[in-house]
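Listed below, chain by chain, are the residues.
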Amino acid sequence: MGPGRRRQAFAPPANLTRGVPPPLPGSWSGITPLGEGSRRQRGPRGPPSPGRGHGVGKAAGTGARELSTRAQGAQRDEGRTREGAVRMVRRNKGQKLQKFTWLCGQGQEEGLRVKRSCPSCGPEPGGEEKKGRGNPISVQLFPPELVEHIISFLPVRDVVALGQTCHYFHEVCDAEGVWRRICRRLSPRLREQGAGVRPWKRAAILNYTKGLYFQAFGGRRRCLSKSVAPLLAHGYRRFLPTKDHVFILDYAGTLFFLKNALVSSTLGQIQWKRACRYVVLCRGAKDFASDPRCDTVYRKYLYVLATREQLGVVGSTGSRACDCVEVYLQSSGQRVFKMTFHHSMSFKQIVLVGQETQRALLLLTEEGKIYSLVVDETQLDQPRSYTVQLALRKVSRCLPHLRVACMASNQSSTLYITDQGGVYFEVHTPGVYRDLFGTLQAFDPLDQQMPLALSLPAKILFCALGYNHLGLVDEFGRIFMQGNNRYGQLGTGDKMDRGEPTQVHYLQRPIALWCGLNHSLVLSQGSDFSKELLGCGCGAGGRLPGWPKGSASFVKLHVKVPLCACSLCSTRECLYMLSSHDIEHHLAYRDLPASRVVGTPELSLGAGPPQDPGGAARACEEYLSQIHSCPTLQDRMEKMKEIVGWMPLMAAQKDFFWEALDMLQGAAGGVGPGPPDPES
């Protein structure tokens, strides 16, 4: 049917002249009756065909033609109805698209936009040029509750990034309502947000950044893995690996028991996996400790300092909160022993020292006093009750004015840090005393608890205590090492023992420090907030990934460090790193005064020429003589790597020299110019 006929089919009907409104296009009342319309459109009929009669035959032929015409008209009617409906749908879509296009055009031509700046930040750049382009729509016109609700669905990383765009979004993204919704989304089972100035923001970031990562030293897979994350954990505060499992304490006082177990892999194989299942060991815990030796084989029992509700005395009602020490088997988590203290004594830290038969428990009170008691671990598994004596430690008796802030211990010595940054030592064996101080002149075997003060130039913030060496970090971020240096575990570039604290000049502002049996680890942070792990000492057994022969200076290990790593620990089989970020507790190092910078061998970027050129020249001559004394090319390459670690270079420069030396060493060995092997 042509266009002219279609226009006739939808022509206005005759009732339009009688005052009746015209029908809508495409409706049933606006369609001309098919019989009449088709008869009118067909035009004058031609002469009858030859051989065709009149009368009955003519009537029959006419009736057949009318039936055929009606059937065809019905089909055309149905098709027109469909076409009309399609045209209506297309017309509606076209109107909506035209309206949307008009809005977009108006937004581009007349200035319909969302204002990204706020009044406190000043006018938007280029605002004077856009005065005649319409009034902007400010995001501040939206209700604050709606904006906070929308922002709460963003990831934590995006919320922090959005808060750095302008002052308005900084206030919105920093609101406690946003962080409350984020915290409820991250930890639905968290009932209390905790304490602090910003409790919901702190709780949300703690639960967003929590994680325990580990890397096994042996086996085929030498990559960083993540343990199971307990849903009930409110951030991670401390962790301790034992012989078979790992224990984690959160900020709500819940101690979790992460078990190693046999699990089925994706390929259907049964494999042994670390820290893949967890249970709640106890609640109300303040601190916990185990055997202080670096070898986890000796960690049979776990001592937990906790608070428990105790019933009052006879004749009184109610209960009192008392501190107690509970002893658990690390293999099964079964409690085997419990000792309860008087309600007037409140403790905050526990450490162990000594052998199994004479295990001394040191307890630090909230007032900074230290008490001790002795137990026999070999008798703990026997079901009996006895009374132990709690006595004041000699460091608190002899120096009552001191207020101890924290403690550290190993099998044969204990270190105390006061609230003023002073350091005091207890050494219980002559061999460890000789390794730490280089002499036995002041050692008294009859009075092993006598505290010895260390002479330090500044206030000490935290420390790490190994078997026969230690590390200290002061308020300016400087690292001091002392003790035995047989394997180069002090990181001073040589293997000479140090009887007094010696500064490691090329390391500054560490995040964490750890000292083991014969190696040391440092967790540091770069200018771009990326973390890296440095190590020195013995590299046997894969303890220093990438450096199997060890190093006498701190070198960068081939370990991928999590962004929010805050503490670390190394055992014979595995390296552990704890990830957690607390916005209210972070290291705040001070800038070193200019008077103390003079004379240091450090070289800073843009600081000009070195202040001791003669000393630097002598050091370079010594380095060349050491390289020349090496018999083979491979030994010279290894010595050059160590020298690069000793030199006061930036981290990027050290990485460049180490990578270049690895490439040269691989090419000299016939490996080719490919990337260096991490274990080469």
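First things first, this report covers the structure right here in the doc. In this text the structure is predicted, and so the values were computed from the model without any measurement.

## Topic: the side chain of Gln-489
And step 1. Turning to its location among the elements, Gln-489 is positioned in the loop between strand E23 (478–483) and strand E24 (498–508).
And step 2. A distance of 3.1 Å separates a polar atom in the side chain of Gln-489 from the backbone oxygen of Asn-484.
And step 3. Of note is the side chain of Gln-489, whose polar atom sits 2.9 Å from the backbone nitrogen of Tyr-487.
And step 4. Setting aside residues no more than four positions away along its own chain, Gln-489 makes contact with Asn-468, His-469, Met-481, Asn-484, Asn-518, His-519, Ser-520, Cys-536 and Gly-537.

## Let's talk about helix H4 (residues 144–151)
And step 1. Among all positions of H4, only Val-147, Glu-148 and Ile-151 are buried. Buried residues of H4, seen end-on, are gathered within an arc of 95° and therefore sit on one face of the element. Residues of H4 that are exposed and point over 90 degrees away from its buried face: Glu-145 and Ile-150.
And step 2. Buried residues in H4 make contact with helix H5 (156–162), helix H6 (167–173) and helix H7 (176–186).

## Regarding the sheet that holds strand E19 (residues 423–427)
For sheets, the rule is that strands pair by backbone hydrogen bonds, running either parallel or antiparallel.
And step 1. The four strands are arranged E17-E18-E19-E20 in an open sheet whose pairing can be described as antiparallel. The outermost strands of the open sheet, each flanked by one partner alone, are strand E17 (404–409) and strand E20 (452–453).
And step 2. In terms of strand pairing, E17 meets strand E18 (residues 413–418) through five bridges, oriented antiparallel. Paired with Cys-406 across the two strands is Ile-417, which belongs to E18.
And step 3. Relative to the sheet, helix H10 (residues 430–437) contacts E19 and E20, its axis offset from that of E19 by approximately 145°.

## What about the pattern of salt bridges?
And step 1. All chains considered together, the criterion is met by 21 salt bridges.
And step 2. For Asp-494, the salt bridge goes to Arg-498, with nearest N and O atoms at 3.1 Å.
And step 3. Here Arg-498 falls in the buried class, since its relative accessible area comes to 17%.
And step 4. Taken together, the salt bridges that share partners define one network made up of Asp-291, Arg-293, Glu-356, Arg-359 and Glu-377.

## Some details on the packing of aromatic side chains
And step 1. If you walk through the whole model with that rule in mind, you get 11 aromatic pairs.
And step 2. Between Tyr-168 and Phe-169 the ring centres are 5.5 Å apart and the planes differ by 65°, which places this aromatic pair in the edge-to-face class. The exposure classification of Tyr-168 matches that of Phe-169, with both residues buried.
And step 3. Ring centres 5.2 Å apart and planes at 65° place the aromatic pair Phe-341 and Phe-347 in the edge-to-face group.
And step 4. Connected via pairs of aromatic rings, a cluster forms that spans Phe-425, Tyr-433, Phe-437 and Phe-443.
And step 5. We note Arg-238 situated over the ring of Phe-288; from NZ or CZ to the ring centre the distance is 4.5 Å.
And step 6. The positively charged end of Arg-293 is found above the aromatic ring belonging to Tyr-298, 3.8 Å away from the centroid.

## Things to note about the sheet that holds strand E12 (residues 335–340)
And step 1. Strand order across the open sheet formed by four strands is E9-E10-E11-E12, with antiparallel pairing between neighbours. The open sheet terminates on both sides in strands that have one partner only, identified here as strand E9 (285–289) and E12. The average angle at which neighbouring strand axes cross in this sheet is 30°, direction not considered.
And step 2. Pairing geometry for strand E11 (residues 319–329) and E12, over five bridges, is antiparallel.

## Quick notes on the state of the cysteines
And step 1. By the definition in use, this model includes zero disulfides.
And step 2. Unpaired in this structure, Cys-282 has its nearest cysteine sulfur neighbour in Cys-324, at a distance of 8.7 Å.

## Describing the nonpolar core
And step 1. Counting residues in each nonpolar core, the largest one holds 34 residues, and the members touching the most others are Phe-239, Leu-521, Leu-533, Leu-557 and Leu-568.
And step 2. With five residues, the top contributor of residues to this core is strand E30 (residues 574–579).
And step 3. The contact partners of Leu-533, leaving out residues within four places of it in the chain, are Leu-521, Val-522, Leu-523, Val-555, Lys-556, Leu-557, Val-559, Val-561, Leu-568 and Leu-575.

## Details of H10
An α-helical turn contains 3.6 residues, so a residue and the one three or four places further along point in the same direction.
And step 1. Buried within H10 we find Val-432, Tyr-433, Leu-436 and Phe-437. Looking down the long axis of H10, one finds its buried residues gathered within 110° of arc, a one-sided arrangement.
And step 2. Taken together, the buried residues of H10 touch E19, E20, strand E22 (469–474), E23 and E24.
And step 3. Downstream of H10 by a residue or two, Gly-438 has a phi angle that is positive, lying close to 75°.

## As for the packing of H7 against helix H8 (residues 199–209)
And step 1. Interaxial distance between H7 and H8 falls to 8 Å at its minimum, and their mutual angle equals 35°. Here H7 and H8 pass one another in a crossing that is left-handed. Where H7 approaches H8, its residues Glu-176, Trp-179, Arg-180, Ile-182, Cys-183, Arg-184 and Leu-186 are matched on the opposing element by Pro-199, Trp-200, Lys-201, Ala-203, Ala-204, Ile-205 and Tyr-208.
And step 2. Class assignment of the residues belonging to the contact of H7 with H8 gives a composition of 10 nonpolar, no polar and four charged.

Calculation rules
Residues numbered from 1 in each chain as written. Predicted model: local features only at pLDDT ≥ 70, side-chain atom pairs only at ≥ 80, totals over all residues. Heavy atoms only, no water. Helix = DSSP H or I, 4+ residues; strand = E, 2+ residues; numbered from the N terminus. Polar contact = N/O pair within 3.5 Å; in protein donor to acceptor, adjacent residues only side chain to side chain. Contact = heavy atoms within 4.5 Å. Buried < 20%, exposed > 50% of the residue type's maximum accessible area, 1.4 Å probe, protein only. Arc of directions from axis to C-beta. Pairing = 2+ DSSP bridges. Axes fitted to C-alpha atoms, helices over the stretch in contact; angles between N-to-C directions. Salt bridge = Lys/Arg side-chain N within 4 Å of Asp/Glu carboxyl O. Phe/Tyr/Trp six-rings, centres within 6.5 Å; stacked < 30°, edge-to-face > 60°. Lys NZ or Arg CZ within 6 Å of the ring centre and 35° of its normal. Disulfide = S-S within 2.5 Å. Core = buried A, V, L, I, M, F, W, Y, C linked by side-chain atoms within 4.5 Å. Left-handed = near helix turned anticlockwise from the far one by under 90°. Nonpolar A, V, L, I, M, F, W, Y, C, P; charged D, E, K, R; others polar.

Shape descriptors only; they carry no functional weight alone.
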